[in-house]
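Listed below are the residues making up each chain.
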Amino acid sequence: MPIDSTVLANERVPVDALTDPVWTRIRDLIYQVSGIYQAENKFHLLVRRCNVRMKAVGSRTPREYLDFLTERPNRDAEMRNLLNEITIGETCLFRSMPQVEALRKVVIPSLAEVKRKLSYTKLRFWSAGCSTGEESYTLAMIMLEESQKTLKGWTFEIMATDLNERSIAKAQEGIYNDYAVRNVPPDFKKKYFTQAGSNFRVADCVRPLVTFSRLNMLDDSKMLFMRGIDVIFCCNVLIYFDGKSKTRTVNHFYNALMTNGYFFLGQSESLYGITEKFHLVHFPGATAYWKPNEPVLKAGSA
Amino acid sequence: MTMETFDRLRSRITSIDSMPTIPVILRPLLRCLDQPVEQIDITRIVELISYDKTIAAQCVRMANSALFGRHKQVESVRTAVMNLGMWRVRDLLFSNSLSQVIPANRWIVDPTVFWRHSLGVALVCRKFAEILGYPDTEKAYLAGLLHDIGILVNSMVAPEEFRAAFSKATREQIALDEAERATMGFTHCDSGRVLAEAWKITPDLIQAIELHHDIGDPVRGGPLVAMVHLSDLLCRLRGLGYGYYEPRQVDFANERGWLYLVMQFPNLADLDLARFTFTLDEYAKEVEELVSTVFTR
Ligand SMILES: C[S@@+](CC[C@H](N)C(=O)[O-])C[C@H]1O[C@@H](n2cnc3c(N)ncnc32)[C@H](O)[C@@H]1O
Ligand SMILES: [Fe+2]
Ligand SMILES: [Fe+2]
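Residues numbered from 1 in each chain as written. Chains lettered and ligands numbered in written order. Predicted model: local features only at pLDDT ≥ 70, side-chain atom pairs only at ≥ 80, totals over all residues. Heavy atoms only, no water.

Asks: Explanation requested: the coordination of the iron ion (ligand 3) in the structure shown.
Replies: When four donors bind a metal tetrahedrally, each ideal donor-metal-donor angle is 109.5 degrees, and when six bind octahedrally, the ideal angles are 90 or 180 degrees. Distances from the iron ion (ligand 3) to its protein donors, His117 of chain B (NE2), His147 of chain B (NE2), Asp148 of chain B (OD), Asp232 of chain B (OD) and Tyr242 of chain B (OH), fall at 2.0 to 2.2 Å. When the donors of the iron ion (ligand 3) are listed by position in the chain, the intervening gaps give H-x29-H-D-x83-D-x9-Y. (Donors = N, O, S within 2.8 Å, 3.2 Å for Na, K, Ca; no water.)

Structure representation (structure tokens):
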């Protein structure tokens, strides 16, 4: 019996339903456009999301749907729809534990060490594109916790901004259903929430730490006012911007950050091809971009 | 460590009768794997595997695992081998033979954690080699797989001290070699080198084992050392570490090993490291599957 050489040559064959190479092309396209990477072991999610869009536009095969994303006249709109589908319902409190841990165990201690030397005991955060406030309150709770442990006597400020006024209003309300708080560690849930019917209301001690306001990140004149920030979070927002606006926005973030400051994107988002001013740094299970003392060219790019 | 202390360590390790012996299966396999994949005789491999009931069963089990989804139920070893592909079969063989290097009751680090890490580093290291255009990707794989064998040596020759070192590392969330140096005066890199020399592994692999944490400045050894070093770091940062949280921040593009590799392989500078990192999470799943196949008996 002849040996099927493709079996031998092809190292790692994924599940049959997902083997259609078109998925890989759609994945790569999404990455190119948005910087969001769908790992192969998450393909079932990608496929599910695409299926929703395929039904909506009436395409029957992935191959045909790829055309909708690349060839058809309103391909940009369709890409936006797909990205919406991909980021939908993603958000919740304590969404990324590795990010939380990186913040608590590495980022905050290292920022605090530098600041202590300057006798400056304040940290400022910015949650950009905060939507309904889950990430902002998560930050506030983490900082409250630290202020009782390693950072006694420090002050914190969390600015949370979004374009969408309805989201901002919802964020200010600070009431979440049990699905949104499913990742909150039990002791945090007890300390920092009060039960409101079947929902959870953010406790009064947390609220003053966060200031919500409307801000369009494409509004240069407003963005110029943001200064002196230590850590910026901007998760799943840049994906909607075109290349130029992305670069412009990220430059604003760069200027808004203090030296040694950190910039976090979503769990599987990257800044590749947008700017090289930041250093990509790795923490256990998470990555972030770090603002070095002086802009340094990337290794090897002479 | 000085020559003198190293010599003392060597005689200490080689004098004990429980020194791990090189798995018999490893030698012919290493030779066999020197051939390009197309020349590997699948019939012969299936035949070899069928002699070993455990491995045969594992191949079949893995071919039926969730990783391969909704394939028809696989029953024959031959179909299993075909479905798995040569690489995975080889992974299985290696993990099996190496897992028997020390007796089951002598492990100090959880064996599944150890193999997850070793296999993870092997896969990442081979991927690195491919990206760089490093000619011997199989060697890179092997260097990754073997880089931490010193941990096995330490478990055998200095169990109590090593247990203390490992629990210090876990408790204080520091690097294992740092804890070893503090409590034992030598590291798994030193003892790994002794074992590797005794096993008469090739010099570049010995170097990768000896220098994978402390690669030197300037980098000692060759690209293999730097590749293993970086793969080890990456795995520890992506859930394939030693089973405890290591609070650290790594700036790979400015890491000594990375800069060294960029000098030798300029194309590395163009690598989208963020994306590369995300793909590693795909390996974690694969490694998980493999290790649980080998360890659920
Ligand atoms: C997918 S949500 C992400 C929300 C949250 N950061 C998260 O990760 O779950 C995208 C958010 O970006 C906001 N957004 C989109 N374009 C914006 C702009 N130009 N300026 C400010 N916010 C914007 C939207 O209103 C929306 O709340
Ligand atoms: Fe090691
Ligand atoms: Fe290691």
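Asks: Looking at this structure, how should I read the pairing of strand E10 (residues 286–290) of chain A?
Replies: Successive residues of a regular strand alternate their side chains across the two faces of the sheet. Residue and element names in this part refer to chain A. Buried residues dominate E10, accounting for five of its five residues. Every second residue of E10 is oriented toward a common face, with Ala286, Ala288 and Trp290 on one face and Thr287 and Tyr289 on the other, all of them buried. Where strand E9 (residues 279–283) and E10 come together, five bridges link them in antiparallel fashion. Bridged to valine 281 within E10 is alanine 288. Where E9 folds back onto E10 in an antiparallel hairpin, the turn is made up of two residues, including glycine 285, whose phi is positive at roughly 75°. (Buried < 20%, exposed > 50% of the residue type's maximum accessible area, 1.4 Å probe, protein only. Helix = DSSP H or I, 4+ residues; strand = E, 2+ residues; numbered from the N terminus. Pairing = 2+ DSSP bridges.)

Asks: Would you mind going over the site of ligand 1 with me for this structure?
Replies: All names here are of chain A. Taken together, 17 residues form the shell around ligand 1, and within it Arg95, Gly129, Asp162, Asn216 and Met217 come nearest. Leucine 163 places a polar main-chain atom, nitrogen or oxygen, 3.3 Å from a nitrogen atom of ligand 1. The backbone of cysteine 235 places a nitrogen or oxygen atom 3.0 Å from a nitrogen atom of ligand 1. For ligand 1, the accessible surface in isolation is 590 Å², of which the surrounding protein chains cover 87%. In terms of residue class, the shell around ligand 1 is made up of eight nonpolar, seven polar and two charged. (Near = heavy atom within 4 Å. Polar contact = N/O pair within 3.5 Å; in protein donor to acceptor, adjacent residues only side chain to side chain. Areas by Shrake-Rupley, 256 points an atom, 1.4 Å probe, with all protein chains shown as cover. Nonpolar A, V, L, I, M, F, W, Y, C, P; charged D, E, K, R; others polar.)

Asks: Looking at this structure, I do not really get the pattern of salt bridges. What am I missing?
Replies: Oppositely charged side chains can form a pair if their charged atoms are brought close together. Counted according to the given criterion, the structure contains 36 salt bridges over all chains. The residue arginine 275 of chain B makes a salt bridge to aspartate 28 of chain A at a minimum N-O spacing of 2.7 Å. Here arginine 275 of chain B is found in helix H16 (residues 273–295), whereas its partner aspartate 28 of chain A is found in helix H2 (residues 21–34) on a different chain. Look at arginine 275 of chain B and you get partly exposed, because its relative accessible area is 22%. Overall, aspartate 28 of chain A belongs to the partly exposed group, its relative accessible area being 26%. Where arginine 116 of chain B meets glutamate 288 of chain B, a salt bridge forms, and the shortest distance between an N and an O atom there is 3.4 Å. One end of the pair, arginine 116 of chain B, is in helix H7 (residues 111–132); the other, glutamate 288 of chain B, is in helix H16, with 172 residues separating them in the sequence. By relative accessible area, which is 23% here, arginine 116 of chain B ends up partly exposed. The class of glutamate 288 of chain B is partly exposed, set by a relative accessible area of 36%. Each of Asp7, Arg10, Arg193, Glu197 and Glu210 of chain B takes part in salt bridges that share partners, so that together they form one network. (Salt bridge = Lys/Arg side-chain N within 4 Å of Asp/Glu carboxyl O.)

Asks: I would appreciate a short explanation of the coordination of the iron ion (ligand 2) in the present structure.
Replies: Residue and element names in this part refer to chain B. Protein coordination at the iron ion (ligand 2): the donors are Asp148 (OD), His188 (NE2), His212 (NE2) and His213 (NE2), at 2.1 to 2.2 Å from the metal. Viewed at the metal, the four donor atoms of the iron ion (ligand 2) are separated by angles of 83 to 174°, and the geometry they form is irregular. You can call histidine 213 buried: its relative accessible area is 16%. (Tetrahedral: all angles 85-135°; square planar, octahedral: opposite > 155°, others 65-115°.)

Asks: In this structure, what is going on with helix H4 (residues 53–63) of chain B? I would like to understand it.
Replies: For the α-helix, the turn length of 3.6 residues means that residues three or four positions removed from each other point alike. Turning to H4 of chain B, its buried residues number three or more, namely Ile55, Ala56, Gln58, Cys59, Val60, Met62 and Ala63 of chain B. Looking at the buried positions of H4 of chain B, the neighbouring elements they touch are helix H3 (42–51), helix H5 (77–84), helix H6 (86–99) and H16 of chain B. (Contact = heavy atoms within 4.5 Å.)

Asks: Is there a simple way to think about the sheet that holds strand E4 (residues 193–196) of chain A in this case?
Replies: Within a sheet, each strand pairs with its neighbour through backbone hydrogen bonds, oriented either parallel or antiparallel. Residues and elements named next belong to chain A. The sheet built from three strands is open, its strands ordered E3-E5-E4 with antiparallel pairing. The open sheet terminates on both sides in strands that have one partner only, identified here as strand E3 (175–176) and E4. Bridge count for E4 against strand E5 (residues 199–202) is four bridges, and the pairing is antiparallel. Looking at the pairing, glutamine 195 lines up with phenylalanine 200 of E5.

Asks: Sorry if this is basic, but what is going on with the domain arrangement of chain A here?
Replies: You'll often see interface size given as the accessible area lost when the parts meet. Residue and element names in this part refer to chain A. Assigned domains of chain A: these are domain 1 (5–86) and domain 2 (97–290). Taking only C-alpha atoms into account, the centre of domain 1 sits 30 Å from that of domain 2. At the interface, nine residues of domain 1 touch eight residues of domain 2. Regarding the contact of domain 1 and domain 2, the summed buried area is about 750 Å², with carbon and sulfur atoms giving 45% of it. Joining domain 1 to domain 2, the criterion identifies zero salt bridges. Joining domain 1 to domain 2, the criterion identifies six residue pairs in polar contact (both at pLDDT 80 or more). Those elements giving two or more residues to the side of domain 1 that touches domain 2 turn out to be H2 and helix H5 (75–87). Looking at the side of domain 1 that touches domain 2, its residues break down into five nonpolar, three polar and one charged. (Domains from an automatic or database assignment. Buried area = accessible area lost by both parts, 1.4 Å probe.)

Asks: I would appreciate a short explanation of the packing of H6 of chain B against H7 of chain B in the present structure.
Replies: Helix-helix packing is described using two parameters, namely the angle between the two axes and the distance between the axes. All names here are of chain B. The N-to-C vectors of H6 and H7 enclose an angle of 140°; their axes lie 11 Å apart at closest approach. The pairing of H6 with H7 is recorded here as oblique in orientation. Pair H6 / H7 crosses with right-handed handedness. Contacts between H6 and H7 involve Trp87, Arg90, Asp91, Ser95, Leu98 and Ser99 from the former and Trp115, Leu119, Leu123 and Arg126 from the latter. Classifying every residue of the contact of H6 with H7 by side-chain character gives five nonpolar, two polar and three charged. (Axes fitted to C-alpha atoms, helices over the stretch in contact; angles between N-to-C directions. Parallel < 35°, antiparallel > 145°, perpendicular 65-115°, else oblique. Left-handed = near helix turned anticlockwise from the far one by under 90°.)

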